[in-house]
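A structural walkthrough
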Amino acid sequence: MDGKATDKKIIFSGIQPSGALTLGSYLGAIKNWVTLSETYDCRYCIVDMHALTSRQNPAELRRRAIDQLAQYIACGLDPEKSIIFIQSHVPAHAELAWVLNCYTMFGELSRMTQFKDKSAKNTDNINAGLFTYPVLMAADILLYQTDLVPVGEDQKQHVEICRDIAGRFNGIYGDVFRLPEPFIPKVGARIMSLTSPESKMSKSDEDPGGCIYVMQKPDEIMRAFKRAVTDSGGAVRFDPVQKPGVSNLMQIYSAAAGLSFEQIESEFEGRGYGDFKLRLGEAVVELLRPIREEAERLAADRAHLESVYRQGAEKASRAAEKTLRKVYRKIGFIEKKDVPSCPSIRN
Ligand code: TRP
């Protein structure tokens, strides 16, 4: 399962351990990752290096990364089928990111909307890592000769700049990198905040009521749905423009209960929002219960999780090193294998 052992297309995606995993990440990303792992050769990463672009408490970052690993597995990702690993365990990510920094223009990074948004929000910590974030992400993707990158709409621009960087590099040195395509799930996967449905459900949301967490307790989940904003007019009807709040809740219910919007509309025909939110809360509680229980069980087995991330790092490194070595050769670095004291020899 390492590198190109199969002819399957290669997938790479990742989530930052910058907060607890949300229902939005589960429904919008991980659930889809599980399905993709049936058909593709997948690498799913815990991108702790990206998380450093905002200030983290060290103990919490460590705990969240390991919890996230437990939750990936509890959500159905299988470490035997996919490569599941922690970004900082594979130094090739940092190494390629540096090289790619030198093939990325200041101007193109300045135009990234996520950088503009984040730097407007966090004026006290506009660090260089935040600026070059897309370059590290490009390294993540390009190291594995990735074909498809499942991401939300908000990350599409990052995959585009990755293609631009790869294309520029290939233009100078020949075909080193495969150009990846963004792989954006169909409607239904973009889960918005429960309290401000115009913005994505996010662990960095200032309003904690807007977010449901995969590990959240049933009574808290019920309470959050009870407080979720709806729209004027009492009908449960799918209309993202006129009724963004209700439509978001319908998306969640549709994903959690496996029903179409029409089925939901007829289920709640003539009934109010209160009934709908109660039923929705129950459906989400039942959806998350087995995941939470399995993640708790896994989190208690630290030795097992350690063996999973070690194995993941080993498999990922093998593929990543291959690309990195090619890059170093192309740009004119001297092969490391001739430097016996070099601590970064990993083959
Ligand atoms: N930037 C992505 C996000 O915040 C996370 C990420 C980092 C990623 N590296 C990646 C996603 C590589 C896909 C591929 O959602």
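Everything discussed here concerns the structure shown above.
Residues numbered from 1 in each chain as written. Predicted model: local features only at pLDDT ≥ 70, side-chain atom pairs only at ≥ 80, totals over all residues. Heavy atoms only, no water.

Quick notes on the site of the ligand
In the vicinity of the ligand, 13 residues are found, and the nearest of them are His50, Tyr133, Met137, Asp140 and Gln155. Interatomic distance of 2.7 Å between a side-chain N/O atom of Tyr133 and a nitrogen atom of the ligand. Coverage of the ligand by the protein chains reaches 89% of its 370 Å² of free accessible surface. Per element, the largest residue contribution to the shell around the ligand is four residues, and it comes from helix H7 (residues 128-143). Residues of the shell around the ligand, tallied by class, amount to seven nonpolar, five polar and one charged. (Near = heavy atom within 4 Å. Polar contact = N/O pair within 3.5 Å; in protein donor to acceptor, adjacent residues only side chain to side chain. Areas by Shrake-Rupley, 256 points an atom, 1.4 Å probe, with all protein chains shown as cover. Helix = DSSP H or I, 4+ residues; strand = E, 2+ residues; numbered from the N terminus. Nonpolar A, V, L, I, M, F, W, Y, C, P; charged D, E, K, R; others polar.)

Focus: the environment of Ile15
Within the element layout of this structure, Ile15 appears in strand E1 (residues 10-15). Note: C-alpha distance between Ile15 and Thr113 (98 residues apart in sequence) is 19 Å. The residues contacting Ile15, other than those within four sequence positions of it, are Leu21, Ser25, Ala29, Ile30, Trp33, Cys45, Ile46, Val47, Gln68, Tyr72 and Lys203. (Contact = heavy atoms within 4.5 Å.)

Brief notes about the pairing of E1
Look at any regular strand and the pattern is simple: side chains alternate between the two faces of the sheet. By the criterion of burial, E1 is predominantly enclosed, with five of the six residues buried. In this fold, E1 hands off to helix H1 (residues 23-39), which returns the chain to strand E2 (residues 41-46); that crossover is right-handed. (Buried < 20%, exposed > 50% of the residue type's maximum accessible area, 1.4 Å probe, protein only. Right-handed = clockwise from strand over helix to strand, strands pointing away.)

Some remarks on the packing of aromatic side chains
In the structure shown here, the tally under the stated rule is 17 aromatic pairs. With a centroid separation of 6.3 Å and 70° between ring planes, the pair formed by Phe12 and Phe85 is classed as edge-to-face. With Phe12 in strand E1 and Phe85 in strand E3 (residues 83-86), this residue pair connects regions lying 73 residues apart in the sequence. Of the residues examined, Phe85 reaches a relative accessible area of 0% and is grouped as buried. Grouping aromatic residues by their ring pairs yields a cluster made of Tyr103, Phe169, Tyr173 and Phe177. (Phe/Tyr/Trp six-rings, centres within 6.5 Å; stacked < 30°, edge-to-face > 60°.)

Observations regarding the nonpolar core
Core analysis: the largest hydrophobic core is formed by 61 residues, its most contacted members being Leu23, Ile212, Phe225 and Val284. Looking at this core, the element that brings in the most residues is helix H12 (residues 273-300), giving 11 residues. Beyond its immediate sequence surroundings of up to four residues, Leu23 is in contact with Gly28, Met201, Ile212, Tyr213, Val214, Phe225, Ile252, Val284, Leu287 and Leu288. (Core = buried A, V, L, I, M, F, W, Y, C linked by side-chain atoms within 4.5 Å.)

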